[in-house]
Amino acid sequence: MVDAARHPNIDVRTYTQVERVEGFVGNFKVQLREKARYVDADRCNGCGDCAKVCPIEVPNPFELNLAPRKAAYISMSQSVPLLYTIDQEACIHCYKCVEACGPLDAIDFSQEDRVVWEDIGAIITATGFNHFDPSVIPEFGYGRFPNVITAMEMERLNNSAGPTVGNLIRPSDHQNPKRVAIINCVGSRDKRFNPWCSNFCCMYAIKNAVLLKQMYPDIELSVYYIDIRTPSKGYEEFYERARQMGIKFIQGRPGLITEDEETHNLYVHSEDIALGRAVEHEYDMVMLNQAAVPQPDVDDVSSVLNVQQSPGGWFMEYHPKLRPVDSPTDGIFFAGACQGPKDIPASVASGSATAARAGRILHSDEWEIEPIIAEVWEDRCVSADGKKCGICARACPYGAIEVEVGKAATVTTAKCHGCGGCVAECPHNAITQLHYTDAQILAQIRALLADKPEEKVFAFRCHWCSYGGADLAGTSHFEYSANERGIRVMCSARMDTDFIYEAYRLGAGAVLYSGCHPQDCHYITGQIVGATRAKRLTKIFDKMGMSPGRFRVEWISAAEGEKYSRVINEMQQVIDNLGKDKLMDEIETLRPQMEKRARRMYEVPDVTNASDYADRMSAVMTVEAGNDGN
Amino acid sequence: MMETKDKLLSFVEQVKAIPGGEHVSTCYSCGTCVSKCMIQQKVEPDYNPRRLLRMVMMGMREQAFESPTTWMCSECDLCYSSCPQDIHISGVIGAVKQLAVEAGYETPLEVVSVDESLCSGCGICVMTCPYEAPHLFEKEVDGEIDRFSAVDAEKCMGCGMCVAACPIGAISRPGVSNQEIVSQIEIKKKSDKKTLIVFVCDWSLRVDDDVELLESYPDYVRVIHIPCSGRIDPQMALIALNSGIDGVLVCGCKHGECHFKRGNYVSECKINLLDSMMEQMQLAGKRVRFVQIGTQDRGRIRHEVDDMLASLEKEAV
């Protein structure tokens, strides 16, 4: 950290809040609020004389409120940069600090927050995690029983720079505990609070136990656990070393802690699963190994950065395996535990990875994106006529579309990833997607259903999952009906209702609407847009009186070739069971309704005109930095 | 075995098909339920809900049906509130029990029985029971249709609330019949200390220290163990006071922690009502009292008894 602060190309801004982020990859504009410290950063040398004379003491959150700090303070002794701050909420304005500072004259009570805008190429988010508050679990008695402490409190009590100078004492009587229990999974792997495994607590419990055993060889230590998870290099060996040191590991999550009201000793009630019976052991002190949870202001940060959150509130990465440190928005990266609970090696690795990823952006003059972006026809957009719409902006998973009443919607090209959700959702047909224009797709549908359409099972597949599933079915030689005809679009979000109507209007026997499983969508929430539409379509077709099974919605991953072939075969069976006469009857009866509902197909009369239509949308293959968007 | 269209349901699928049993597969065997449950500690060492859920998941049908866990769970749901997987464990056990009953297994518990020669068919027991075990039926006796109560053995958990509620004493349970409890209400006074009867619900005292403490009281404090505070009939308190005893203390579980769902509420209402009746009758002082003891109230019983004795002494002055 000290090295970082000294580096000529690194500008460390502490006590500064990011308030707004605008722009796009390589061209972010960021609004920063540099909060008033009431200490001049250029003059303060960190001597601490102001804190020495300050008469006000308030709880010190860095010490988990086990020790006080002054109103003139640094958050911890290793703070970088070493600058004191005056806590205005606590300060009584006695100005003793001004006197103590003397000729340095660093203290300035007239300071105010400063708002600055900065041009930023890439953003790395490293906001970390927070600790779960175990006082909401009544059975452990944290907050009621003085000798039940959290892991972080143990960390401070055990730290040679901590409030007790490393002397581990019981809060109730300040004696050294002889018997200590460590309880794992407090608030994690617990559906009442946080369902996830917090990743590092097993090793953390073992580390603490080993540390205590080394400092106090006579201490009795028990670790209560559900499962001990030691998956990385050297971890299992460390666990074994702990067992050999005589630390007891008890499999069984305690259901209750009771306290002797006189001695304040604690009784941990648990099952010892290895023994198969309930046990009650007495301890002097109990440490609760709390869950890692997202920072309390994670929602604010994600809305400022316009990035999504996974269930639970962690920032969501672009892809859990292939792009684990990228956010879905280009140019924003996640380092460390803000993306999910991580131990130190994993945090360091992800930090280095984000630096490399950000370096790629800073070192390139041009930034390549897929050419399949969306474009708005300004003359059609109703927003330009002063009407409130904004459906496209709501469908966009990337926040790439800006809608302002009175102006046509604008797509920030650099942010668009080409799912096509906005194109299909626009009720006025005012958006098109390059290389996946309505004309191109309708032309494909018409060509594939030109001959004996009633025999065909027509499949819409998304590029990333169900198309891969169909491909796998082929390469694995899973047999499926030869009457299957399918086209590929980028995402189920692009599967316009009009395409489905057109397929039925042309007389398709059955139509499959397929895409990724909800959690696997390549375009974050594209599948949700597609799934909502599919649900609506299913209802419409039901009302129309279409035979069940002729319209089918299936989420098929690229690994589910077997499922793809099975679904197609089942749909073929539906057509066969209906019989040709009945099917033809149904197609004819429903055709006028399909024609009435489809709006787009009249704009694209036939295949020959389709190429003109596509030419209008000549692709912008690379977007020059700074020339687009805002 | 239950059958669906084309395949036999496995044991775990059968359990999951019964409302309450759905979430059995999410159990990761942490043992929280066992540490919360007092049946293993107090009554049956082989009682283990975690192991029963395991048996269900491993398809051990007969072992599950024979397990005491299947029959002894009284649905107090202490475990439910602390289960980290949100499994309604008593619901799963209930589902296993239902299958066991369907398969012809019978409960090994001591259950209540109704003396038909006394029963008037009033239905108070039906209203009182937390387990819907008693029901009324009609039978012809001497040419007349008469109503009687009968108890489903597999539903009865033996709390005795119906025994306490029955106005004519037609219901009894072996071990805790009215006579057996009343016969214990007797204190031979040797000193001039105030005398006190303590009715203690067996489930309200979690730790052995507290149970042992009760044994150590001198002769002027008489401790009577009952299966649930709901078993207390206000008449018992009156009998005690009538026989010259100075005070009656009833210890039940904390609200929401009753081993038999709601015995503590019923008992608290009855005792408080008796207390206010005695106040209206202008009898001196608080002679009867109900106290709640929670699972985390280690050592609380001592204070409650001392407090009651002290207040009786104070009243006397």
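Residues numbered from 1 in each chain as written. Chains lettered and ligands numbered in written order. Predicted model: local features only at pLDDT ≥ 70, side-chain atom pairs only at ≥ 80, totals over all residues.

### So, the overall build of chain B
Along chain B, the regular secondary structure elements total 15 helices and 8 strands. If you line up chain B on its principal axes, its C-alpha atoms span 80 × 60 × 30 Å. By the burial criterion, 45% of the 317 residues in chain B qualify as buried. In chain B, of all internal contacts separated by at least 6 residues, the share reaching a separation of at least 24 is 71%. (Helix = DSSP H or I, 4+ residues; strand = E, 2+ residues; numbered from the N terminus. Buried ≥ 20, exposed ≤ 12 C-beta atoms within 10 Å, placed from the backbone. Contact = placed C-beta atoms within 7 Å.)

### So, the overall build of chain A
Looking only at helices and strands, chain A features 17 helices and 29 strands. Across the 630 residues in chain A, those meeting the buried criterion constitute 41%. Partitioning the intrachain contacts of chain A with sequence separation of at least 6 by distance along the chain shows that 70% fall at a separation of at least 24.

### Observations concerning unusual backbone geometry
All names here are of chain A. Following valine 80, the chain continues into proline 81 via a peptide bond in cis, with omega recorded as -10°. Turning to its location among the elements, proline 81 is positioned in the loop between strand S5 (72-73) and strand S6 (85-86). In this model, arginine 189 sits at a positive phi of 50°, which is unusual for a non-glycine residue. When you line up the elements, arginine 189 lands in the loop between strand S11 (179-186) and helix H5 (201-215). Look at histidine 264: it is not a glycine, yet its phi comes out positive at around 60°. Note on placement: histidine 264 falls in the loop between strand S14 (256-259) and strand S15 (266-272).

### Comments concerning the interface of chain A and chain B
Each partner contributes residues to the interface: chain A has 24 residues there, and chain B has 22 residues. Only S14, S15 and strand S16 (277-283) of chain A provide two or more residues apiece to the side of chain A that touches chain B. Taken together, the residues of the side of chain A that touches chain B break down into 6 nonpolar, 7 polar and 11 charged. (Nonpolar A, V, L, I, M, F, W, Y, C, P; charged D, E, K, R; others polar.)

### Quick notes on helix H14 (residues 526-544) of chain A
Residues and elements named next belong to chain A. The terminal C-alpha atoms of H14 lie 27 Å apart, and with 19 residues this matches the ideal 27 Å at 1.5 Å per residue to within 8%. For H14, the full list of buried residues reads Gly526, Gln527, Val529, Gly530, Ala531, Arg533, Ala534 and Phe541. Packing partners of the buried residues in H14 comprise helix H9 (391-395), helix H10 (421-425), helix H13 (497-505), strand S27 (510-515) and strand S28 (551-555). Of the residues trailing H14, glycine 545 is marked for its positive phi of about 95°. (Expected span 1.5 Å × (residues − 1).)

### Some details on the sheet that holds S15(A)
Residues and elements named next belong to chain A. An order of S14-S15-S16 is seen for the 3 strands of this open sheet, with the pairing classed as antiparallel. With one partner strand each, in any of the chains shown, S14 and S16 form the two edges of the open sheet. If you compare each strand with its neighbour and ignore which way they point, the axes differ by 25° on average. Bridge analysis of S14 against S15 gives 4 bridges, and the strand direction is antiparallel. Residue pairing for S15: leucine 256 is matched across the bridge by histidine 269. (Pairing = 2+ DSSP bridges. Axes fitted to C-alpha atoms, helices over the stretch in contact; angles between N-to-C directions.)

### A closer look at the packing of helix H11 (residues 438-448) of chain A against H13(A)
Residues and elements named next belong to chain A. The geometry of H11 relative to H13 is characterised by a closest axis approach of 10 Å and an angle of 25° between their N-to-C directions. As judged from the angle between their axes, H11 and H13 are roughly parallel. Here the hand of the crossing between H11 and H13 comes out right-handed. Seen from H11, the contacting residues are Ile441, Leu442 and Ile445; seen from H13, they are Phe499, Glu502 and Ala503. Counted by class, the contact of H11 with H13 contains 5 nonpolar, no polar and 1 charged residues. (Parallel < 35°, antiparallel > 145°, perpendicular 65-115°, else oblique. Left-handed = near helix turned anticlockwise from the far one by under 90°.)

### Focus: the nonpolar core
Of all hydrophobic cores here, the largest spans 84 residues; its most connected members are Val56(B), Val92(B), Val96(B), Val198(B) and Cys251(B). Broken down by element, the residue count for this core peaks at 7 residues, all from helix H8 (residues 89-102) of chain B. Apart from residues no more than four positions distant in its own chain, Val96(B) is found in contact with Val15(B), Leu52(B), Val56(B), Ala64(B) and Thr70(B). If you look at the next biggest cluster of nonpolar residues, it comprises 76 residues, including Tyr480(A), Met495(A), Val529(A) and Phe551(A). (Core = buried A, V, L, I, M, F, W, Y, C linked by C-beta atoms within 7 Å.)

### A look at the confidence of the model for chain B
Residue and element names in this part refer to chain B. For chain B, mean pLDDT is 89; residues scoring 70 or higher make up 97% of the total. Note on residues 1-5: pLDDT under 50 across the span, and 6 contacts to partners over four residues away in sequence or across chains. Taken over the whole predicted complex, pTM reads 0.84, whereas the ipTM for its chain interfaces reads 0.89. (pLDDT = per-residue confidence, 0-100.)

### Topic: the domain arrangement of chain A
Quite often, the size of an interface is put as the accessible area lost when its parts meet. Each assigned domain of chain A is listed here: domain 1 (2-125), domain 2 (130-293) and domain 3 (437-614). Computed from C-alpha atoms alone, the centre-to-centre distance between domain 2 of chain A and domain 3 of chain A is 56 Å. (Domains from an automatic or database assignment.)

### Some remarks on the packing of H5(A) against helix H6 (residues 235-244) of chain A
Angle between the axes and distance between the axes are the two parameters that describe a pair of packed helices. All names here are of chain A. Taken N-terminus to C-terminus, the directions of H5 and H6 make an angle of 40°; their axes are 10 Å apart at the nearest point. As far as their axial angle goes, H6 and H5 are oblique. Considering only the axes of H5 and H6, their crossing is left-handed. In this structure, H5 contributes Met203, Ile206, Ala209 and Val210 to the contact, and H6 contributes Tyr235, Phe238, Tyr239 and Ala242.

### A few points about the sheet that holds strand S1 (residues 16-22) of chain A
All names here are of chain A. Spatially, 3 strands are ordered S1-S2-S7 in an open sheet, and the strand pairing comes out antiparallel. The open sheet is flanked by S1 and strand S7 (114-120), the only strands paired with a single partner. Neighbour-to-neighbour, the strand axes of this sheet turn through a mean angle of 25°, independent of strand direction. Pairing geometry for strand S2 (residues 28-34) and S7, over 7 bridges, is antiparallel. Bridge pairing in S7 places glutamate 34 opposite arginine 114.

### A look at the domain arrangement of chain B
All names here are of chain B. If you check the domain split of chain B, you get domain 1 (11-102), domain 2 (109-172) and domain 3 (175-316). Each of domain 1 and domain 3 has a C-alpha centre, and the two are 33 Å apart. Opposite the 6 residues of domain 1 that make contact, domain 3 presents 9 residues. Residues of the side of domain 1 that touches domain 3, tallied by class, amount to 3 nonpolar, 1 polar and 2 charged.

### Here we look at the environment of Val250(B)
Residue and element names in this part refer to chain B. Here valine 250 is to be found in strand S7 (residues 247-253). A C-alpha to C-alpha distance of 8.5 Å links valine 250 and glutamate 268, two positions 18 residues apart in sequence. The contacts of valine 250, once residues within four sequence positions are left out, are Phe199, Ser229, Ile232, Ser267, Ile271 and Phe290.

### Overview of the environment of Ile373(A)
Residues and elements named next belong to chain A. Looking at the secondary structure, you find isoleucine 373 in the loop between strand S20 (366-368) and strand S21 (374-376). Along the sequence, isoleucine 373 and cysteine 419 sit 46 residues apart, while their C-alpha atoms lie 8.2 Å from each other. Once you skip the residues sitting within four places of it in the chain, isoleucine 373 turns out to touch Val411, Thr413, Cys416, Gly418 and Leu434.

### Side note on helix H12 (residues 466-475) of chain A
Counted residue by residue, H12(A) has 7 buried out of 10 residues, so it is predominantly covered. Turning to H12(A), the residues buried within the fold contact strand S25 (457-462), strand S26 (484-489), S27 and helix H15 (561-578) of chain A.

### So, the confidence of the model for chain A
Residue-level pLDDT values for chain A average 91, and 95% of them are 70 or greater. The model gives residues 617-630 of chain A a pLDDT under 50, and that stretch makes 32 contacts with residues more than four places away or in other chains.

### Digging into the pairing of S26(A)
All names here are of chain A. Direction of pairing for S25 relative to S26: parallel, over a ladder of 6 bridges. Paired with phenylalanine 458 across the strands is arginine 485, a residue of S26. In this fold, S25 hands off to H12, which returns the chain to S26; that crossover is right-handed. (Right-handed = clockwise from strand over helix to strand, strands pointing away.)

### Structural notes on the environment of Ala439(A)
Residues and elements named next belong to chain A. With respect to the helices and strands, alanine 439 occurs in helix H11. A count of 23 C-beta atoms within 10 Å places alanine 439 in the buried class. In this structure the C-alpha to C-alpha distance between alanine 439 and glutamate 262, which are 177 residues apart in sequence, comes to 82 Å.

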